[in-house]
Amino acid sequence: MGVALTAGSGFAGGFAQAQPVDPFEQINKRFQERKGAGEDALQSLQDQFQVKRAAMEEQWRKREQEIEQRWQERKREIEKKWAQAQRSTQKEWVDYSPGNDSRSIVNFEEGTVEIATLVPVTKPGRPPKEQAAAAQEEIARQLEQILSEKADPKRAILAGQMTTNRGKPVEAKTAKAFVQQEVLPNLAVDDRPMESRDGVSRIKVTAKLKMTPDHLKKRAQQYLETVLAESRRRQLDPRLVLAVIQTESYFNPKAESHIPAYGLMQLVPRSGARDAYNFVYNDDKVLDDDYLFQPAQNVELGAAYLHLLMNKSFSDVQTGDKKNYLVICAYNWGPGNVRKRIMGQYRIQELSDSQVFALLTEKAPEETRNYLKRVTERMSLYEDLVGP
């Protein structure tokens, strides 16, 4: 049976007519799909970053707790004998003997070494001869211990910085003879014994020694090769790096502060050290104190952090003294504070170098003002050491 097709129908009447496709709508649709996929991928990366960051923050929080717990345990042991336990600072390296009977304090700013020992006594007054001999032995042993301590495998911390009256270097192997010949006659003995928490009565015997007048320069020379290499690598003025080290720690590789910050350039694990390590090794990592106490590693990251301040935080400031002043303040105060409190409120680009220096010494916090003055003044101390 035939199928009648009404006039004007044909296939067009039997099927819906296709609507014309808008090419721009198709393009927009594909764009939106890709945009959505991109946003999802970006959100995924951000989520991963936040998870990793939170994990590292937790890791460092635990590490900080471990460091503090370790110190508190050490402190309790020390204070069984000593009235108060002392801890290393930016300028001082404090060290105790294995049994906590002796303590040495090396002041890297003043160039002094104080060694004290606690001698058990059975009655008030100055210790008898055998107890004086025990004090001499303890002081010699503690002096030998700090003279043997190395900043790294290649060099002792105090190498060449202590001499006899005849100008000969005092080394670990000569410490006992040095104490007997030159220190023993000048020992200071407390008049009264102290009652220790462990119930033993002890009297303190102290030796005060001086380092060589050029002790600071000798330590600077110890780390000069590393400083020069890292300065070339990061296109920095080595005088700036050396002046920062002096101001931060007086070249004390054992330096630490309450922040906490560690080592020659006083790097903070969760901020400056982390940024620098990520820049150098492309690995976001929170470092511990042991890593930052190593001079070569500390200077590598300290120089890298200065480079980041120069070339990222203040890339919009022309190279010269003006930029140096901002970087020096940022090293102490933080780049965010400098940009917000100084560059966000004053037209730095229109000011001269001297005007920027004057502005910073007026508007920055007192600690940062003093820091800027010290670093800039000390740069000139290293001109002869660094050379042209």
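An account of the accompanying structure is given in this report.

What counts, and at which threshold
Residues numbered from 1 in each chain as written. Predicted model: local features only at pLDDT ≥ 70, side-chain atom pairs only at ≥ 80, totals over all residues. Heavy atoms only, no water. Phe/Tyr/Trp six-rings, centres within 6.5 Å; stacked < 30°, edge-to-face > 60°. Helix = DSSP H or I, 4+ residues; strand = E, 2+ residues; numbered from the N terminus. Buried < 20%, exposed > 50% of the residue type's maximum accessible area, 1.4 Å probe, protein only. Contact = heavy atoms within 4.5 Å. Core = buried A, V, L, I, M, F, W, Y, C linked by side-chain atoms within 4.5 Å. Axes fitted to C-alpha atoms, helices over the stretch in contact; angles between N-to-C directions. Parallel < 35°, antiparallel > 145°, perpendicular 65-115°, else oblique. Polar contact = N/O pair within 3.5 Å; in protein donor to acceptor, adjacent residues only side chain to side chain. Pairing = 2+ DSSP bridges. Left-handed = near helix turned anticlockwise from the far one by under 90°. Nonpolar A, V, L, I, M, F, W, Y, C, P; charged D, E, K, R; others polar.

## Remarks on the packing of aromatic side chains
- Tallying each qualifying case throughout the model produces seven aromatic pairs.
- Ring plane angle 40 degrees and centroid distance 4.8 Å describe the contact between Tyr277 and Tyr281, whose orientation is recorded as tilted. Of this pair, Tyr277 and Tyr281 are both found in helix α7 (residues 272-281), four residues apart, which corresponds to roughly one turn of the helix.
- Note on Tyr277: relative accessible area 10%, which makes it buried.
- For Tyr281, a relative accessible area of 40% corresponds to the partly exposed category.
- Consider the rings of Tyr277 and Tyr291, whose centres lie 6.0 Å apart with planes at 80 degrees: the pair is edge-to-face.

## Remarks on the environment of Ser231
- Within the element layout of this structure, Ser231 appears in helix α5 (residues 215-234).
- Its relative accessible area of 3% is what places Ser231 among the buried residues.
- A sequence separation of 75 residues divides Ser231 from Leu306, and the C-alpha atoms of the two residues are 9.7 Å apart.
- The contact partners of Ser231, leaving out residues within four places of it in the chain, are Leu236, Asp237, Pro238 and Val241.

## A word on the nonpolar core
- One finds Leu143, Leu158, Met162, Met265, Leu326 and Tyr331 to be the most contacted residues of the largest nonpolar core, which totals 90 residues.
- Beyond its immediate chain neighbours, meaning those up to four positions away, Leu158 contacts Trp93, Val106, Phe108, Ile146, Leu147 and Met211.
- Listed in part, the nine residues of the second largest apolar core include Ile78, Trp82, Ala85 and Leu118.

## Here's the deal with the packing of α7 against helix α9 (residues 295-313)
- Viewed as axis vectors pointing N to C, α7 and α9 meet at an angle of 90 degrees, and their least axial separation amounts to 8 Å. Judged on the interaxial angle alone, α9 and α7 are roughly perpendicular. Contacts between α7 and α9 involve Gly272, Ala273, Asp275, Ala276, Tyr277, Phe279, Val280 and Tyr281 on the former and, on the latter, Glu300, Leu301, Ala304, Tyr305, His307 and Leu308.

## Considerations on the side chain of Ser196
- Looking at the secondary structure, you find Ser196 in the loop between β7 (194-195) and β8 (201-210).
- Among the polar contacts listed, one links the side chain of Ser196 to the backbone oxygen of Lys81, at a separation of 2.9 Å.

## Quick word on the environment of Gln355
- With respect to the element layout, Gln355 can be found in helix α12 (residues 353-363).
- Distance in space between the C-alpha atoms of Gln355 and Lys322 is 8.8 Å, their sequence separation being 33 residues.

## Describing the side chain of Gln161
- Along the chain, the position of Gln161 falls in the loop between β5 (155-156) and α4 (175-183).
- Only 2.9 Å separates the side chain of Gln161 from the side chain of Arg219, close enough to count as a polar contact.
- Setting aside its immediate chain neighbours within four residues, Gln161 contacts Met211, Thr212, His215, Lys218, Arg219 and Gln222.

## Section: the pairing of strand β3 (residues 112-120)
- Both strand β2 (residues 102-107) and β3 contribute to a ladder of six bridges, which runs antiparallel. Directly across from Val106, in β3, lies its bridge partner Val113.
- Between β2 and β3, which pair antiparallel and follow one another directly, the connecting turn spans four residues, one of which, Gly111, has a positive phi of 75 degrees.
- Direction of pairing for β3 relative to β8: antiparallel, over a ladder of nine bridges. For Val119, the partnering residue across the bridge sits in β8 and is Ile203.

## A look at the packing of helix α6 (residues 238-249) against helix α13 (residues 366-379)
- Between α6 and α13, the least distance of the axes is 8 Å, while the angle of their chain directions is 130 degrees. Relative to α13, α6 is oriented oblique. Between α6 and α13 lies a crossing whose hand is right-handed. Only Tyr371, Arg374, Val375, Arg378 and Met379 of α13 make contact with α6, whose side of the interface consists of Arg239, Leu240, Ala243, Val244, Gln246, Thr247 and Glu248.
- Its residues assigned to classes, the contact of α6 with α13 shows six nonpolar, two polar and four charged.

Take it as geometry only, folks, not as evidence of what the structure does.
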